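A structural walkthrough
Spelled out from the first residue to the last, the chains are:
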Amino acid sequence: MSTNIKVQRICQFCGKEFTARTTVTQYCGDNCSKRAYKARQRATKVETSNKETLQIKTKPIEELKVQEFLSVRHVAKLIGSSRQTVYNLINTGKLQAVNILKKKTIVRRCDLDKLFEQPTPIIQQADNNPEPLHYEIDDCYTLKEVQDKYGVSETTLQNLIKRNNIPKIKKGWFAYVPKKMIDNILT
Ligand SMILES: [Zn+2]
């Protein structure tokens, strides 16, 4: 590079035009050169920090995959859904969960896996029936669903179940009753 040449260049830090002695000079002076260096350092730090954040954000997915107990938030993350969806799955009995504390719901990994397997039939030996009853969960209401659908109180429903010898099937948090029998009586 010749020292005799004079070229007009734009400082890459301050944007001002300046006369440079080489065609590759990037900055108008030491000041801009130093400031540009500092800015680069800062940018590197920000980038590193962003990378760390991303690692923290994505790391749990790998960890969650091998975790035996999951929070609702974790389940949502694993199956790529909202927490509300997970609560819906739990509330409709499709996903088994345990409330270990008032606001702490835990799902076992194996129960989460079950969600993606064939639905397990419910088999229940009713007191009044020597034959084991066999119901698919899809063919049943939860008690809450019956109450909501037919606008009956819990007491009314319990009495109705008793009076009509409707099999009440317990599974997880919920008791289920066969849709057909309920519909026959309440419709
Ligand atoms: Zn400059």
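Look up a bit, the structure's there.
These remarks concern the structure in this document. (Residues numbered from 1 in each chain as written. Predicted model: local features only at pLDDT ≥ 70, side-chain atom pairs only at ≥ 80, totals over all residues. Heavy atoms only, no water.)

Counting its regular elements, the chain contains seven helices and 10 strands. In the chain, which comprises 187 residues, the share counted as buried stands at 26%. Nonlocal contacts in the chain, meaning residues at least 24 apart in sequence, comprise 38% of its contacts between residues at least 6 apart. Accessible surface for the chain amounts to roughly 13500 Å². Of this, 51% is attributable to carbon and sulfur atoms. (Helix = DSSP H or I, 4+ residues; strand = E, 2+ residues; numbered from the N terminus. Buried < 20%, exposed > 50% of the residue type's maximum accessible area, 1.4 Å probe, protein only. Contact = heavy atoms within 4.5 Å. Areas by Shrake-Rupley, 256 points an atom, 1.4 Å probe, with all protein chains shown as cover.)

Listed as buried for helix α5 (residues 143-150) are L143, V146 and Q147. Along the axis of α5, the buried positions cluster into a sector of 100°, meaning they face one direction only. Seen from the buried face of α5, the exposed residues on the opposite side, beyond 90 degrees, are K144 and D148. Buried residues along α5 sit against β8 (140-142), α6 (154-163), β10 (174-178) and α7 (179-186). Phi turns positive one or two residues past the end of α5, at G151, with a value near 60°. (Arc of directions from axis to C-beta.)

The next point concerns the side chain of T22. Note that T22 resides in the loop between β2 (17-20) and α1 (30-65). In terms of polar contacts, T22 uses its side chain to reach the backbone amide nitrogen of V24, at 3.2 Å. Within polar-contact distance, the side chain of T22 engages the side chain of T25 at 2.6 Å. (Polar contact = N/O pair within 3.5 Å; in protein donor to acceptor, adjacent residues only side chain to side chain.)

Evaluated as defined, the whole model comprises five salt bridges. Here D111 ties to R108 by a salt bridge, and the two come within 3.0 Å at their closest N and O atoms. On the basis of relative accessibility, which here comes to 5%, the residue D111 falls in the buried class. In this structure R108 comes out as partly exposed when scored by relative accessible area, which is 36%. Salt-bridge contacts for K149 lead to D183; the nearest nitrogen and oxygen are separated by 3.8 Å. Pair noted here: K149 is in helix α5 and D183 is in helix α7, with a separation of 34 residues, a long-range link. Each of R108, D111 and K114 takes part in salt bridges that share partners, so that together they form one network. (Salt bridge = Lys/Arg side-chain N within 4 Å of Asp/Glu carboxyl O.)

The subject of this paragraph is the sheet that holds strand β4 (residues 98-101). The three strands are arranged β3-β5-β4 in an open sheet whose pairing can be described as antiparallel. For this open sheet the edge positions go to β3 (69-71) and β4, each flanked by a neighbour on one side alone. Strand-to-strand twist of the sheet, defined as the mean angle between neighbouring strand axes without regard to direction, takes the value 45°. Direction of pairing for β3 relative to strand β5 (residues 104-108): antiparallel, over a ladder of three bridges. Across the sheet, the residue bridging to S71 is I106, located in β5. Helix α2 (residues 72-79) contacts β3 and β5 of the sheet and is inclined by roughly 95° relative to β3. (Pairing = 2+ DSSP bridges. Axes fitted to C-alpha atoms, helices over the stretch in contact; angles between N-to-C directions.)

This paragraph deals with helix α3 (residues 83-91). Counting along an α-helix, one turn takes 3.6 residues, and residues three or four places apart therefore face a common direction. Of the residues making up α3, those classed as buried are V86, L89 and I90. One side of α3 carries all its buried residues, which in axial view fall inside an arc of 100°. Buried residues along α3 sit in contact with α2, β5 and β10.

The contact between α5 and α6 brings their axes to 10 Å, and the two run at 110°. One finds that α5 runs roughly perpendicular with respect to α6. In the packing of α5 onto α6, the handedness of the crossing is right-handed. Across from L143, V146 and Q147 in α5, the residues of α6 making contact are E154, L157, Q158 and I161. When its residues are assigned to classes, the contact of α5 with α6 shows four nonpolar, two polar and one charged. (Parallel < 35°, antiparallel > 145°, perpendicular 65-115°, else oblique. Left-handed = near helix turned anticlockwise from the far one by under 90°. Nonpolar A, V, L, I, M, F, W, Y, C, P; charged D, E, K, R; others polar.)

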